[in-house]
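Architecture at a glance
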2 protein chains.
Amino acid sequence: MATRKVLSELKEKIRGFLPNIKIKSIEFEGPNLVVYVEDPKQLLGSGDIIKKLAKDLRKRIIVRADPKSRKPPGEAEEIIKQVVPEEAKITSIFFDEENGEVIIEAEKPGIVIGKRGKTLREIIIETGWSPRVVRTPPIRSKTIEDIRNFLLSVREERKEILKKVGERIHRGTIYKDKWVRITFLGGSREVGRSCYLLQTPESKIMIDCGVNVSNLNQTPYLYVPEVTPLDSIDAVVVTHAHLDHCGLIPILYKYGYKGPIYLTQPTRDLMVLLQLDFIDVAVKEGGVTPYESQHIREALKHTITLDYGVVTDIAPDVRLTFYNAGHILGSAIAHFHIGEGLYNVAFTGDFKFERTRLFDKAETNFPRLEALVMEATYGGSEDFQPSRKEAEEKLIEVINKTVSRGGKVLIPAFAVGRSQEVMIVLEEAIREKKIPEVPVYLDGMIYEATAIHTAYPEYLNAHLRDLIFHQGVNPFISESFVRVDSASKRDEVINDKSPAVIIATSGMLNGGPVMEYFKALAPDEKNTLVFVGYQAEGTLGRRIQKGWKEVPFPSNGKREVVYVNMEVVTVDGFSGHSDRRQLINYVKSLSSKPEKVLTVHGDEGKCIELASAIYKTFRIETRAPMNLETVRLL
Amino acid sequence: MATRKVLSELKEKIRGFLPNIKIKSIEFEGPNLVVYVEDPKQLLGSGDIIKKLAKDLRKRIIVRADPKSRKPPGEAEEIIKQVVPEEAKITSIFFDEENGEVIIEAEKPGIVIGKRGKTLREIIIETGWSPRVVRTPPIRSKTIEDIRNFLLSVREERKEILKKVGERIHRGTIYKDKWVRITFLGGSREVGRSCYLLQTPESKIMIDCGVNVSNLNQTPYLYVPEVTPLDSIDAVVVTHAHLDHCGLIPILYKYGYKGPIYLTQPTRDLMVLLQLDFIDVAVKEGGVTPYESQHIREALKHTITLDYGVVTDIAPDVRLTFYNAGHILGSAIAHFHIGEGLYNVAFTGDFKFERTRLFDKAETNFPRLEALVMEATYGGSEDFQPSRKEAEEKLIEVINKTVSRGGKVLIPAFAVGRSQEVMIVLEEAIREKKIPEVPVYLDGMIYEATAIHTAYPEYLNAHLRDLIFHQGVNPFISESFVRVDSASKRDEVINDKSPAVIIATSGMLNGGPVMEYFKALAPDEKNTLVFVGYQAEGTLGRRIQKGWKEVPFPSNGKREVVYVNMEVVTVDGFSGHSDRRQLINYVKSLSSKPEKVLTVHGDEGKCIELASAIYKTFRIETRAPMNLETVRLL
Ligand SMILES: [Zn+2]
Ligand SMILES: [Zn+2]
Ligand SMILES: [Zn+2]
Ligand SMILES: [Zn+2]
Ligand SMILES: [Zn+2]
């Protein structure tokens, strides 16, 4: 088998590189190469050697102590507790036998690490376990805990999966032909069911596999020969956790895919949260779910998380690197390097080319880039949005006006993205006394999604990181935010007479706890309804936005009429998508000018208009492909 | 099984339609529906009923006597010989048990048929066999005889094959989705290895599968998932017999395809001739053949021949109709009707939109046409060719000049197409005394290819048919034509001192008997070399055309130099391809204006230029797709 040959060649190289270090064995683990050494001490002072080796072999390398030299977990835990000062506030320690790692969760990770890593070195020398330090999230996230526990419970199976993935990645190449093409399986000339297949003679990579939110019966074209059988796919890459990009990932496992899913760690956690909610809502509404929770778990079992900027082999001739997309927590631009310098193509996923309250603007600096597949949600020639600053000022003004007349502000919002964006604006406004100190109630999944945000501060922008790490201010845990997690608490909020801000799901008033708030608050003209997101045609949100003053309302099977006397305001500019100007500027700002740009994820007219504008502005070849088409890149 | 249900429903319908006729059984045979009746007499006088039934059921219907009511072949043959008058000159009678047909080959088919079919009726009534009358070809074709004998020898197996094909065609449809797309697997932005895949949710149809004549290592992209496994393909359609369109058909059977090939009867015969020659030449040149003669036979076993204008079910949702393409004998434009009125797309294959000596101009009259895939060999903006008339005048002038100085005219030509075209010109010129009565020698496969032409007069143009059928003049069998079929005969022709015309293969002086003539005739300035076809870059023909006066020449392993003193003339205008003006006029003349035109079978620049010209002239959406791309039509 080709893999075995590759491994023995690698072993030779490593021995040549590290002649003085006793290497017990090496093996593939997903995309990584794990080197087991007898005595990890020898390598500890020489982090640079590992880096050089990784660069030379073009592989990600993980060094572990030979399992035989590890102390039993109980004993090791005692040693760690002695070595680490109490001020570090360790909240949990767990041993990942699969990886030979001990994960130490602490409120002050810096103290666990010690000066120049002194404490870490002590831990590995004394216990034989490689320590990994993670910050104890300031808000407990049930999702993260469940995921962590699930993955630990299946670690044996995962070890097998990762070994197989590693072998498949390193199977070697066979074809003399060199070509690269993309088949568009969904999300082209439409928003929803994003799904693309990147193909070379050697490999098939699927990028995203989403639901069509406005028509749940429409899946991507997964029955066409390019992707059947599904297990002919080498790897699935998820750009971000919104359901139009990952909502149907579990269906792949239901129908026979057995390979890996590459995504960032926050995307993994948010994805599981949203997928579970997706089937939950479908069941509650009496519908048929396209998959069950077991398929979500099966998918989770196959996830391989990657940080931004880490180059990873995912197929014999394909390397993947994620870059910040600025859209939601963990959202990534997926960059593929094909062959040895043969071709480079990036998929933007959804992206924001403007620094927001939460994220830095989308990355434009790629070592090389021949083709770009980009979103075109606001690609139309008139799709200009107000700046963030204008949007924030308008929101603050509306809140002040409502509060001063004793009313409540209701903000329907999608759980992930805009909710947190608005929260940060409100926290600052309260802290800087731009608005009075009113409670901000969070209802629906918003609280849980926010908890996940607090677990990954390194995915937030520099300003927020500075605030959290250096100034000790975590805006997400401000005392102004009040979680609503029961019907009685909700009633309390509604019946309380004092002014407040309420952020509740869903974002388009088509279900979720926001409905109850709306029903209660709508008749009173003191209150205000603020739309911060897009309202799709056919939703209640859209009708109210259009000015309907009496809306039919489902209530215990009967239809009531709700009279809308409250003020209705739309605040544009909070979108997580780049507007027309930002889309064009993004292409202009790319460090490496692509030869081809393909526009997707937008209505037909917007994809075509953006393609045409980019062609006219930059003389780059563009196309707005259709679903089921295949475009040749090379 | 869906097929069974379809059959029993059809049986009910037929019984309702023909209440007085005893139907024994019905079954599918390839695309046809065979109705076995106890007593064929009952249906004989009512041909119209069958036509109406066929129209009503939208099926091709064949009526046969129940096998039990057929006389044994020996006995039946005696009866036929008694019934048919001797003047009919029957040359052979054979019984096709598979079809319940007796094929009567006669020099005067009209006499076998009898007044208003009287004799035929007698035959069926007396023997129980359905008679089919074919004309005895005026020149014996070994190819045709071999094919006929082979097919008879495998008739049992063929019966099984046709039954399976019939069941697969009538399997019923499953998908709700409606879409149509084409994947370009070869012959796009290039000339050679033509291969296209027409796909719907239900069906896959491959159109052509050719060799790349200038690079035999390059096959169409048959390893991509759209066509693997090869047996996922429902049907293969061959537009014409040139190797760049059908040279790799046998490879499909080598690698697992088991389905039918649809083509015209002349295409079938010429295809087998050229494929056998193709592997023969490859073996002689010491090369590796991509397939063996057994795969040619396997392909032949799966052929289903269709005449122009016959609408045929070839998949649950696809109907195929061939139309005259005017390019070579049997060449067809393949028109596909998809769904019930859903979509129509035609592939021109190679086509000539000008009436030639042999063929009517390509068909433009289609009931409906939404998309056209057309060739672009001469699609460049400067690709204008002289008219046929000018070309013929120039050829005659050159011959006269050479003959009058006592020289020989050597015309390198490809066996199928241009050779016969030139033959007809010369025959007429001699008959009308425009050139002296010199012998016209035919060497290489030209004679055999010509024999096949004489077997299918109904595929020639109206003028030739009139000449052959009504004026008793068959230009192909003129006494001026002399076959050269041995080395000694060739030496004789070369050493003879008197003027002559020699037409010999190959057409580009890259092998074949033409080489010997050239070597012998080149040094003498009395002789003339006339190019009537395109000379590809890199061929000896091209070098001589460019004016080389000394050419290296392979001879018994050594390299000799041949001095070119003979006159060298290029006569443009004999091409079987439409020139730029004809291509544009073709689109203009279509009875049904397509929404989309895709250009293929031409150098990159020519495909793009033609696409752009058609867009500018007619405002039709056009594209010049690349190999490996998929274009969505609907
Ligand atoms: Zn292995
Ligand atoms: Zn998104
Ligand atoms: Zn999206
Ligand atoms: Zn041709
Ligand atoms: Zn051709």
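Residues numbered from 1 in each chain as written. Chains lettered and ligands numbered in written order. Predicted model: local features only at pLDDT ≥ 70, side-chain atom pairs only at ≥ 80, totals over all residues. Heavy atoms only, no water.

**Here's the deal with the state of the cysteines**
With the rule as written, the count across this model stands at zero disulfides over all chains. Cys-209 of chain A supplies the cysteine sulfur nearest to Cys-246 of chain A, a cysteine that is in no disulfide, at a spacing of 9.4 Å. (Disulfide = S-S within 2.5 Å.)

**Considering the environment of Ser-214 of chain B**
Relative to the assigned elements, Ser-214 of chain B resides in the loop between β9 (204–207) and β10 (235–237). Given a relative accessible area of 69%, Ser-214 of chain B falls into the exposed group. (Helix = DSSP H or I, 4+ residues; strand = E, 2+ residues; numbered from the N terminus. Buried < 20%, exposed > 50% of the residue type's maximum accessible area, 1.4 Å probe, protein only.)

**Details of the interface of chain A and chain B**
Of the residues lining the interface, 20 residues belong to chain A; the matching set on chain B comes to 21 residues. Summed over both partners, the interface of chain A with chain B comes to about 2,000 Å²; 50% of that surface belongs to carbon and sulfur atoms. At the boundary of chain A with chain B, the tally comes to four salt bridges. The salt bridge involving Arg-181 of chain B is made with Glu-226 of chain A; its shortest N-O contact spans 2.8 Å. Linking chain A with chain B are 13 residue pairs in polar contact (both at pLDDT 80 or more). Here the side of chain A that touches chain B gets three residues from one element, more than from any other, and that element is strand β28 (residues 630–632) of chain A. Its residues assigned to classes, the side of chain A that touches chain B shows 10 nonpolar, three polar and seven charged. (Contact = heavy atoms within 4.5 Å. Buried area = accessible area lost by both parts, 1.4 Å probe. Salt bridge = Lys/Arg side-chain N within 4 Å of Asp/Glu carboxyl O. Polar contact = N/O pair within 3.5 Å; in protein donor to acceptor, adjacent residues only side chain to side chain. Nonpolar A, V, L, I, M, F, W, Y, C, P; charged D, E, K, R; others polar.)

**Comments concerning the relation of the copies chain A and chain B**
For the pair chain A and chain B, the best superposition has an RMSD of 0.2 Å and corresponds to a rotation of 180° with a translation of 0.0 Å parallel to the axis. Here the symmetry operator amounts to a two-fold rotation axis. Across chain A, the rotation axis passes nearest the C-alpha of Thr-630 of chain A, at a separation of 2.2 Å. A shared interface surface links the copies, since 100% of the contact residues of chain A are contact residues in chain B too. (Least-squares fit on C-alpha atoms with pLDDT ≥ 70 in both.)

**Re the coordination of the zinc ion (ligand 3)**
Residue and element names in this part refer to chain A. Only Asp-244 (OD), His-245 (NE2), Asp-350 (OD) and His-601 (NE2) from the protein coordinate the zinc ion (ligand 3), and they sit 2.1 to 2.2 Å from it. Between the four donor atoms coordinating the zinc ion (ligand 3), the angles at the centre fall across 88 to 158°, so the site counts as irregular. If you list the donors of the zinc ion (ligand 3) from N- to C-terminus, the spacing comes out as D-H-x104-D-x250-H. Separating the zinc ion (ligand 3) and the zinc ion (ligand 2) is a distance of 3.4 Å, and Asp-350 donates to both of them. Taken together, the positions of His-245 in helix α9 (residues 243–246) and His-601 in the loop between β26 (596–600) and α21 (604–618) put the pair 356 residues apart, joining distant regions of the chain. This pair shows no difference in class: His-245 is buried, exactly as His-601 is. (Donors = N, O, S within 2.8 Å, 3.2 Å for Na, K, Ca; no water. Tetrahedral: all angles 85-135°; square planar, octahedral: opposite > 155°, others 65-115°.)

**Brief notes about the coordination of the zinc ion (ligand 4)**
Residues and elements named next belong to chain B. Each protein donor to the zinc ion (ligand 4) is listed here as His-240 (NE2), His-242 (ND1), His-327 (NE2) and Asp-350 (OD); together their distances run 2.2 Å. The coordination sphere of the zinc ion (ligand 4) comprises four donor atoms, whose angles at the metal cover 89 to 166°; the geometry is irregular. Between the zinc ion (ligand 4) and the zinc ion (ligand 5), the interatomic distance is 3.4 Å, and Asp-350 donates to each metal, bridging them. On the basis of relative accessible area, His-242 is assigned to the buried category, the value being 10%.

**Section: the sheet that holds strand β26 (residues 596–600) of chain B**
All names here are of chain B. Spatially, β13-β14-β15-β16-β17-β26-β27 is the arrangement adopted by the seven strands of the open sheet, whose pairing is mixed. At either margin of the open sheet sits one strand with a lone partner, and together these are β13 (312–315) and β27 (621–623). Averaged over all adjacent pairs, the angle separating strand axes in this sheet is 25°, with direction ignored. Pairing of β13 with strand β14 (residues 318–324) involves three bridges; the strand directions are antiparallel. Looking at the pairing, Asp-313 lines up with Arg-319 of β14. (Pairing = 2+ DSSP bridges. Axes fitted to C-alpha atoms, helices over the stretch in contact; angles between N-to-C directions.)

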